[in-house]
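Inside the fold
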Amino acid sequence: MYTQALDTHGKEPLPAGAGSSAALAQRFQERIDVEEKIEPKSWMPDAYRQTLIRQISQHAHSEIVGMLPEGNWITRAPTLRRKAVLIAKVQDEGGHGMYLYSAAETLGIARAEMIEQLLSGAARYSSIFNYPTLTWADVGAIGWLVDGAAIMNQIPICRCSYGPYARAMVRICKEESFHQRQGFEIMLTLAQGSAAQRAMAQDALQRWWWPSIMMFGPSDADSKHTAQSMRWKIKRFSNDELRQKFIDITVPQAQFLGLTIPDPALRWDEAAQHYLIGPIDWNEFHAVLAGHGPCNHERLEARRAAHEAGRWVREAAAAHAAKERSRQPQAA
Amino acid sequence: MSSDWPLFEVFIRSRSGLEHKHVGSVHAADARMAIEHARDVYTRRQEGVSLWVVRSADIVASDPEEADALFEPARDKVYRHPTFYAIPEEVKNL
Amino acid sequence: MSAAGAAPQQPEASSRAAHFRYVLRLGDTSLVLGQRLGEWVGHAPALEEDLGLANLALDLIGQARLFLTYAGELEGRGRDEDALAFLRDAPEFTNLTLAEQPNGDFGHTVVRQWLIDCWQLEIYEALLASTDARLAAIAAKALKETRYHHRFSSGWLMRLGDGTDESHARVQRSLDSLWRFTSELFAPDDVDERMRAAGIAPALAEPSSRWSSRVDEDLAAATLVRPAAAPYPWHGRRGVHTEHLSHMLSEMQHLQRTYPGARW
């Protein structure tokens with residue numbers, strides 16, 4: 001999972017061609033127009049490179065920070081089967097973070113530098129992970145809604161013009177198909193369970209619905225990078241298109257569960273053949289993004305603590321490798 | 001002492017009979033660790049039966065600037081392909 | 001469980017009870033160690049290590065499920081893996097005392113893991129020859145996993161032991177502090193004896209000496225010093241635990257205890 005509102009917080013990228021020879025830029029755009037993939041050592045406009053570094057690293061950070069809210073329930077998963085599934089899922093998120101860091105590194109930035117940007121607070125990650133997991137039902141809601149929204153966002157990136165990012169996305173989407181299903185299965189079990197369990201499920205939907213809707217980022221009118229990213233085929237659909245698609249498939253699922261979506265304005269529009277939602281509270285979105293969400297502090301602290309506590313381990317391994325090298329007879 | 005582990009490229013043989021294919025990279029302090037990391041990161045779903053890891057710094061790649069010089073000359077050697085030759089239809093087993 | 005004072009059991013029934021306890025012990029050690037490793041996920045020293053520790057945890061929980069399911073069948077009271085994992089109190093848990101020790105730093109976790117990996121390698125290897133075909137089959141699967149676990153833990157033991165001065169000191173300290181729990185690893189009791197007599201479990205003398213040589217070999221590679229023998233007789237396998245286990249269980253069993261009878 002977990003791209004959201006990516007590429008919305010940096011500087012406006014320069015139009016292709018600025019600062020480099022116009023011929024190269026034109027050739028580059030032609031390759032993209034005919035759906036040719038751009039590979040690491042190919043010539044690319046600096047703005048394309050920077051946009052990708054920012055988007056891929058934000059995406060990677062989101063996966064890594066995304067391990068924390070669900071990881072919060074690993075030790076308390078209610079059955080051994082659920083425990084194994086949850087560990088595997090959180091582990092996959094770590095793996096996806098690594099596929100993405102690996103893709104970003106092909107653009108000439110080191111993972112250590114990206115991690116540094118995350119820990120210093122300079123880099124963004126998906127704001128959805130700044131919400132707390134308060135009950136077991138939150139694990140179900142994250143799988144169902146958050147992974148559902150993420151998959152919706154990610155499938156088009158499988159056709160992204162940058163080869164390593166597209167390939168990482170293909171692998172991620174393939175692996176992620178179980179994430180959403182296990183989340184829905186948890187919700188279904190709770191919805192069919194005791195009154196306390198149904199209340200738990202409803203409460204989780206209550207808290208995760210709007211943040212999930214916001215995962216698609218600002219509405220198109222306010223999203224400044226969409227046009228350029230679409231020309232570069234980094235992005236294929238607009239935020240609002242993807243958001244609508246998510247709403248249309250998710251509302252019937254909530255109805256199947258017998259749960260109520262916390263939006264009194266929600267209605268089916270026969271003419272448009274879409275579910276229409278009430279107004280989104282963008283103030284909340286921007287507040288959480290700016291670091292004022294319920295768990296921004298905890299999430300970054302947890303990452304910093306792991307990084308600091310692990311320093312002596314990483315140093316020891318590097319020191320041991322250096323000793324081993326010095327002990328080996330030098331080859332000619 | 002730097003604690004940044006070097007980058008290794010990872011190649012997987014998905015099953016016997018197929019060649020190793022590049023899948024991505026891992027960081028590791030040493031070769032043994034690189035194999036373990038490649039296993040944990042890239043083969044969680046039985047993706048492979050064999051792994052190669054090689055330090056990224058040791059890979060020599062062709063320069064895209066030279067792509068024309070390296071690969072274009074092969075383009076007009078159509079006579080290397082069997083379809084270049086017109087053989088009467090009644091002749092079999094060619 | 002109430003052996004003292006109870007009427008003498010039928011030999012067949014008591015041997016089945018011993019069989020149950022023997023399998024339960026293996027399952028409890030895997031479960032408790034797997035639960036501890038689960039605490040690491042998301043907090044490891046490097047991202048790759050998050051994945052590595054999660055893989056160990058998944059293997060161990062998988063082993064626990066096989067052992068506990070089988071134990072429940074041997075017991076014949078209708079308890080499944082979850083009833084055994086989530087509805088027993090600490091004195092009914094029969095894991096090795098070593099497995100329940102808190103994670104500490106990464107080096108501490110590595111030492112605990114490595115000591116148990118070395119133990120499981122010998123026990124699972126010996127169980128391949130068990131007259132209990134089902135137990136032998138579980139051991140065969142678990143042995144493959146444990147060989148990888150040992151590769152992981154002994155590799156890290158070496159890097160940390162023969163790394164920096166700081167890492168060497170830390171990991172030697174962990175070894176010194178955890179070593180005392182090894183007195184329990186190969187100390188047979190009546191359950192082990194009965195199972196050995198029935199051909200279900202191995203005699204422990206040979207696995208014990210093989211464990212000892214492997215430990216010495218790995219310690220030498222890691223430039224670490226084997227601590228002196230530990231006299232205190234720990235009895236986690238008989239349900240006598242350190243203070244840590246009940247804390248772990250209160251967290252692990254929270255949902256099952258709070259909502260009795262709920263399906264999850």
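To be clear, the structure that these remarks concern was listed above.
Thresholds applied
- Residues numbered from 1 in each chain as written.
- Chains lettered and ligands numbered in written order.
- Predicted model: local features only at pLDDT ≥ 70, side-chain atom pairs only at ≥ 80, totals over all residues.
- Heavy atoms only, no water.
- Helix = DSSP H or I, 4+ residues; strand = E, 2+ residues; numbered from the N terminus.
- Rg over C-alpha atoms; globule rule 2.2 N^0.38 Å.
- Buried < 20%, exposed > 50% of the residue type's maximum accessible area, 1.4 Å probe, protein only.
- Contact = heavy atoms within 4.5 Å.
- Areas by Shrake-Rupley, 256 points an atom, 1.4 Å probe, with all protein chains shown as cover.
- Lys, Arg positive; Asp, Glu negative; His and termini not counted.
- Charge placed at Lys NZ, Arg CZ, Asp CG, Glu CD.
- Buried area = accessible area lost by both parts, 1.4 Å probe.
- Salt bridge = Lys/Arg side-chain N within 4 Å of Asp/Glu carboxyl O.
- Polar contact = N/O pair within 3.5 Å; in protein donor to acceptor, adjacent residues only side chain to side chain.
- Nonpolar A, V, L, I, M, F, W, Y, C, P; charged D, E, K, R; others polar.

Across its full length, chain B holds two helices and three strands. The linear arrangement of helices and strands in chain B, starting from the amino end, is β-β-α-β-α. The C-alpha radius of gyration of chain B comes to 21 Å, more than 25% above the 12 Å expected for a compact globule of 94 residues. Each principal axis of the C-alpha atoms in chain B carries an extent, and together these give about 70 × 35 × 15 Å. Here chain B, with 94 residues, has 28% of them falling under the buried criterion. For chain B, the share of sequence-separated contacts (at least 6 apart) that also reach a separation of at least 24 residues comes to 44%. With an accessible surface of roughly 6,700 Å², chain B has 54% of that area assigned to carbon and sulfur atoms. Here chain B holds 12 positive side-chain charges and 16 negative ones, and the gap between their average locations is 9 Å.

Between chain A and chain C, the contact holds 45 residues from the first and 47 residues from the second. Roughly 4,000 Å² is buried in total at the junction of chain A and chain C, and carbon and sulfur atoms are behind 68% of that figure. R327 of chain A serves as the salt-bridge partner of D162 of chain C, at 2.8 Å between the closest nitrogen and oxygen. Put simply, chain A and chain C have 16 residue pairs in polar contact (both at pLDDT 80 or more) between them.

It is worth spelling out the interface of chain A and chain B at this point. On the side of chain B, 22 residues touch chain A, which itself brings 23 residues to the contact. Regarding the contact of chain A and chain B, the summed buried area is about 1,800 Å², with carbon and sulfur atoms giving 54% of it. When the buried area of chain A at its contact with chain B is split by residue, K41, R171 and R314 of chain A rank highest and sum to 25% of it. Put simply, chain A and chain B have four salt bridges between them. Viewed at the interface, chain B and chain A are joined by eight residue pairs in polar contact (both at pLDDT 80 or more). The residue inventory of the side of chain A that touches chain B, partitioned by class, reads eight nonpolar, five polar and 10 charged.

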